[in-house]
Amino acid sequence: MNSPECIMPGFKLVLASGDFIASIYPEKKRDVENHALNFKQALWREYFAVRDLLYKMLGRESLVVVKGKILTNHTEYLEQAEIPWLQSHYRDWTRDALTQANGETILFNEAWKAGENWMPGSPLGEGGTVLVRRNAIVVGEETAYGSSLEIEELEQEGYKVATLPPVTNPRSGFIPHHVDGQATLLETKTGELVLIIARSYEKQDDGKTADATSLAAETIGAHKIVIDDRRLPPLALNLIQFDDFSIAMTAGAPRLENLLKGLVGKDRVFTTDTPIRLIPSNTEGGIRCMTNIFPEALITPVS
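These numbers come from a predicted model, not from an experiment. (Residues numbered from 1 in each chain as written. Predicted model: local features only at pLDDT ≥ 70, side-chain atom pairs only at ≥ 80, totals over all residues. Heavy atoms only, no water.)

Can you break down the overall build of the protein residue by residue, with the values?
Summing up its helical and strand segments, the protein has eight helices and 18 strands in all. Counting across all 303 residues of the protein, residues that qualify as buried make up 55%. Accessible surface computed for the protein: about 13,900 Å², of which carbon and sulfur atoms make up 49%. (Helix = DSSP H or I, 4+ residues; strand = E, 2+ residues; numbered from the N terminus. Buried < 20%, exposed > 50% of the residue type's maximum accessible area, 1.4 Å probe, protein only. Areas by Shrake-Rupley, 256 points an atom, 1.4 Å probe, with all protein chains shown as cover.)

Here it is as structure tokens:
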């Protein structure tokens, strides 16, 4: 594919370094020494599947990888980069470093530090708690509560802002206040907004969450679709849609994949070559969590 229309000029998709894999060990302690190597290899295989999918979709021009301490062989075909002032945790989970809203960059106030001074930011910059498409924004309730002034400003600028409640009974891979674990906001090939909700999330709290998701969809002018997530890989809704409507997602989710193909077109849905299961089930992060679109001004290429 390799379409330059995926990313706006002046921006690049930033992929986490993969260093976080070093800190992951099998949950079952039995025979850890015997199985740890295979476990790590499986984790790296999933990481490489994400990296290779993004390279196929974006090419070298629009994709950079955060320079890590473990893996250095990206340089054969991908540019590595330093992200000055970005704190270490957010080099692994770049989604939570900032939020992009139609070219406007909102830094997360806990992610950026120059020397001893925290850089100006907002809770809205924690990208895992925010979904944006065109002038529609869906925000987790906790983040919205701490960002009332910023949300008011966005609404004055013409944005439609809706909120979603936290997950009250998290499944594996769900961070309770992150909306991108249980929902995704997409634009169809005909320009309509669609809010896709995981059924397990929709049914929590005796219908209260279902009412909240319906109100959110109505507020932003989106059509709501609820998908049965019982057989989906963890965090399957943690996917990315680019500016040309193309979607990067995990393999192993045929029902979701077919739904998305019907919404954006068969030629606009791309999957990894292996299902992404171990990373989300062991880190609470998926494809979207590992990636984010940064303005090039925040990126320092490494030769």
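Once the structure has been displayed, the description carries forward.
For empty space enclosed by the protein, give the residues involved together with the corresponding values.
Within this structure, the stated rule accounts for four cavities of 30 Å³ or more. Its volume calculated, the second largest cavity comes out at about 50 Å³. As for the second largest cavity, its lining consists of Pro 234, Leu 235, Ala 236, Asn 238, Leu 239, Met 249, Thr 250, Ile 276, Pro 280, Gly 286 and Ile 287. Taken together, the residues that form the lining of the second largest cavity break down as eight nonpolar, three polar and no charged. (1 Å grid on protein atoms, 1.4 Å probe; cavity = no way out; pocket = protein on both sides within 12 Å on 5 of 7 lines; lining within 4 Å. Points joined across faces, edges and corners; volume = space filled by probe spheres on them. Nonpolar A, V, L, I, M, F, W, Y, C, P; charged D, E, K, R; others polar.)

Can you break down the sheet that holds strand E17 (residues 291-295) residue by residue, with the values?
The sheet built from five strands is open, its strands ordered E17-E1-E2-E3-E18 with mixed pairing. Unpaired on one side and paired on the other, E17 and strand E18 (300-302) mark the two borders of the sheet. Shown here is a sheet whose adjacent strand axes are inclined to one another by a mean of 45°, direction ignored. Of the strand pairs in this sheet, strand E1 (residues 11-15) and strand E2 (residues 63-66) are connected by three bridges, and their pairing is parallel. Bridging across to E2, Val 14 finds its partner in Val 64. (Pairing = 2+ DSSP bridges. Axes fitted to C-alpha atoms, helices over the stretch in contact; angles between N-to-C directions.)

Give me the lowdown on the layout of surface pockets, citing residues and values where you can.
As a volume, the largest pocket reaches approximately 540 Å³. Considering the residues around the largest pocket, the lining is formed by 27 residues, among which Gln 100, Val 132, Arg 133, Gln 241 and Ile 293 are closest to the centre. Secondary structure elements with two or more residues in the lining of the largest pocket: strand E4 (98-101), strand E8 (130-133), strand E11 (183-187), strand E14 (240-241) and E17. Here the lining of the largest pocket is composed, by residue class, of 14 nonpolar, eight polar and five charged. Put simply, the second largest pocket is a space of about 200 Å³. The wall of the second largest pocket is formed by Ser 17, Asp 19, Val 66, Lys 67, Gly 68, Lys 69, Ile 70, Glu 82, Ser 88, Arg 91 and Asp 92. Of the residues contributing to the lining of the second largest pocket, the split by class is two nonpolar, three polar and six charged.

I'd like to hear about the pattern of salt bridges, residue by residue, with values.
Scanning the entire structure with this criterion turns up 11 salt bridges. Notably, a salt bridge pairs Asp 180 with Arg 288, separated by 2.8 Å at the nearest N-O pair. Separated by 108 residues along the polypeptide, Asp 180 in the loop between strand E10 (160-164) and E11 and Arg 288 in the loop between helix H8 (278-283) and E17 bring together distant segments of the chain. Both residues of the pair, Asp 180 and Arg 288, belong to the buried class. Bridged by salt links that share partners, the residues Arg 133, Arg 134 and Glu 187 form one connected network. (Salt bridge = Lys/Arg side-chain N within 4 Å of Asp/Glu carboxyl O.)

Break down the sheet that holds E8 for me, with residues and values.
Read across the sheet, three strands follow the order E8-E9-E10 without closing on themselves; strand pairing throughout is mixed. In this open sheet, the two edge strands, each paired with only one partner strand, are E8 and E10. Within the sheet, the average angular offset between the axes of one strand and its neighbour, ignoring direction, is 15°. Packed on one face of the sheet, helix H6 (residues 208-220) meets strand E9 (136-140) and E10 and runs near 170° to E10. (Contact = heavy atoms within 4.5 Å.)

Any functional reading would require information that these geometric values do not contain.
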